[in-house]
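Analysis of the macromolecular model
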Amino acid sequence: MSRLLASTPRADGFFMPAEWAAHAGTWMIWPERTDNWRMGAKPAQAAFARVAEAIAETEPVTMCVSPAQYQNARRVLSPAVRVVEMTTNDAWMRDCGPTCVVDGKGHVRGVDWVFNAWGGLEGGLYFPWDQDELVAQKVLGIERLDRYKAPIVLEGGSIHVDGEGTLLTTEECLLNPNRNPGLSKAEIEAQLEAYLGISRTIWLDRGVHNDETSGHIDNIACFARPGVVLLSWTDDTADPQYEISKDALERLSHAKDARGRSLEVVKLHQPGPLFQTAEEAEGVDHVEGTQPRVAGLRLAASYVNFYIANGAIIMPLLDPKHDGAAVETLARVFPGRKVKGVPAREILLGGGNIHCITQQQPGGS
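The structure contained in this document is the topic of the report that follows. (Residues numbered from 1 in each chain as written. Predicted model: local features only at pLDDT ≥ 70, side-chain atom pairs only at ≥ 80, totals over all residues. Heavy atoms only, no water.)

**A word on the overall build of the protein chain**
- When helices and strands are counted, the protein chain shows ten helices and 17 strands.
- At 19 Å, the protein chain has a C-alpha radius of gyration in line with the 21 Å of a compact globule built from 365 residues.
- Counting over 365 residues, the protein chain shows a buried share of 58%.
- Put simply, the protein chain shows about 13900 Å² of open surface, and 52% of that area lies on carbon and sulfur atoms.
- Side chains of the protein chain give 35 positive and 47 negative charges; the mean places of these two sets differ by 6 Å. (Helix = DSSP H or I, 4+ residues; strand = E, 2+ residues; numbered from the N terminus. Rg over C-alpha atoms; globule rule 2.2 N^0.38 Å. Buried < 20%, exposed > 50% of the residue type's maximum accessible area, 1.4 Å probe, protein only. Areas by Shrake-Rupley, 256 points an atom, 1.4 Å probe, with all protein chains shown as cover. Lys, Arg positive; Asp, Glu negative; His and termini not counted. Charge placed at Lys NZ, Arg CZ, Asp CG, Glu CD.)

Below is the structure:
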């Protein structure tokens, strides 16, 4: 059974491990919203399937699928991918799924954050989000993992940890008044420490330019290993991303992690810039209350939005001009892992990328 616990992970000796720690598996959600995914979500489903199959080469993958899409997903996905029926509002497992914590003794539990679709009624991306709010509880129930219900609004893509006490995030997201307006920066840090077992928070200012998630950290910067951070970068001083990344570089260069180390920053040149085409925009159903998809929209494209699987890096292929260099950089930074590129523009068109649609479940006994 999955118990609801009244304590906190830190009080119980649990912490969020780094993404490169061994996984028991990966969780994903099958896309189908026609007001977010173009052409009846078929191109997105093909892209999600490619991501799932790439991950399934090295670890178990579970795809959560609505009743209406169960047979379709089961037909498209190979037997290597487990398919379970689950009702959701959209397909962003990173943000609505559980954040797992461990105690170093083989025990795994999950944190269930409050989810409000990236802003609730003040800038949120869709309504309702009631089924997404239940996803973490459902996943933990399926896996029989005990659950902590955190008292703050937080999406998994807004945090990244090194597994040794340090957390990366952005002020643009966690201090946004449409998340936790009653909490100060210090109070949010205290909640992060209590529910993730971290002791040092490094704050960047903003995320990738035009990121509709209010600047999630997983699109602009992430830990590659303790003391090493990958940063989305451009050398084009006329690009709005330049000043954002320059400020992030300055903050990271002056920061110390939880163990007192200075950080090595590795630049990962961004794709593009990339923009939504008229054909892509026209393929999306227009529904009041959801994020509009319009021609000419600057897409929040980044190679940092990759996933660290067991023995592999699953990265988005987005721009032939820069894909090769990104693959080379990631191969150099992760020498013990095979870098697998997956065409991911269809995921980007929905507002995120490979890291956003995956959530790791750490290994345990």
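**Some remarks on the sheet that holds strand β7 (residues 147-153)**
- The mixed open sheet is built from four strands, whose spatial order is β1-β7-β6-β5. Looking at the sheet topology across the chains shown, the edges are occupied by β1 (4-5) and β5 (99-102).
- Of the strand pairs in this sheet, strand β6 (residues 108-114) and β7 are connected by four bridges, and their pairing is parallel. By the bridge assignment for β7, G110 is matched with R147. (Pairing = 2+ DSSP bridges.)

**What to know about the side chain of T170**
- Positionally, T170 belongs in strand β9 (residues 166-170).
- Among the polar contacts made by the side chain of T170, one reaches the main-chain amide nitrogen of C173 at a distance of 3.2 Å.
- In contact with T170, other than residues within four places in its own chain, are L175, W203, L204, D205, R206, G207, S214, G215 and I217. (Polar contact = N/O pair within 3.5 Å; in protein donor to acceptor, adjacent residues only side chain to side chain. Contact = heavy atoms within 4.5 Å.)

**Some words on the packing of aromatic side chains**
- In this structure the tally under the stated criterion is eight aromatic pairs.
- Geometrically, the ring pair formed by W37 and F48 is edge-to-face, given 5.5 Å between the ring centres and 85 degrees between the ring planes. Pair noted here: W37 is in the loop between β2 (23-29) and α1 (42-56) and F48 is in helix α1, with a separation of eleven residues, a long-range link. Of the two residues, W37 and F48, both sit in the buried class.
- Put simply, the rings of W37, F48 and W92 pair up and form one aromatic cluster.
- Here the guanidinium or amino end of K267 rests over the ring plane of W233, the centre of that ring lying 4.0 Å away. (Phe/Tyr/Trp six-rings, centres within 6.5 Å; stacked < 30°, edge-to-face > 60°. Lys NZ or Arg CZ within 6 Å of the ring centre and 35° of its normal.)

**Description of the pattern of salt bridges**
- Tallying each qualifying case throughout the model produces 21 salt bridges.
- One salt bridge in this structure joins E171 and R251, with 3.3 Å as the shortest N-O distance. Taken together, the residues E171 in helix α5 (residues 171-174) and R251 in helix α7 (residues 240-254) connect sequence positions 80 residues apart.
- For R251, a relative accessible area of 28% puts it in the partly exposed group.
- Taken together, the salt bridges that share partners define one network made up of D112, E133, R147 and K149. (Salt bridge = Lys/Arg side-chain N within 4 Å of Asp/Glu carboxyl O.)

**Regarding the sheet that holds strand β8 (residues 160-161)**
- Taken together, the three strands give an open sheet; going across it, the order is β8-β9-β10, and neighbouring strands pair in mixed fashion. Single-partner strands in this sheet number two, and they are β8 and β10 (200-204).
- The pairing of β8 with β9 spans two bridges and is classified as antiparallel. When the bridges of β9 are listed, V161 appears paired with L167.
- Helix-sheet contacts for helix α6 (residues 185-196) involve β9 and β10, and the interaxial angle to β10 is about 130 degrees.
- Here α7 sits on the sheet in contact with β9 and β10, set at roughly 155 degrees to β10. (Axes fitted to C-alpha atoms, helices over the stretch in contact; angles between N-to-C directions.)

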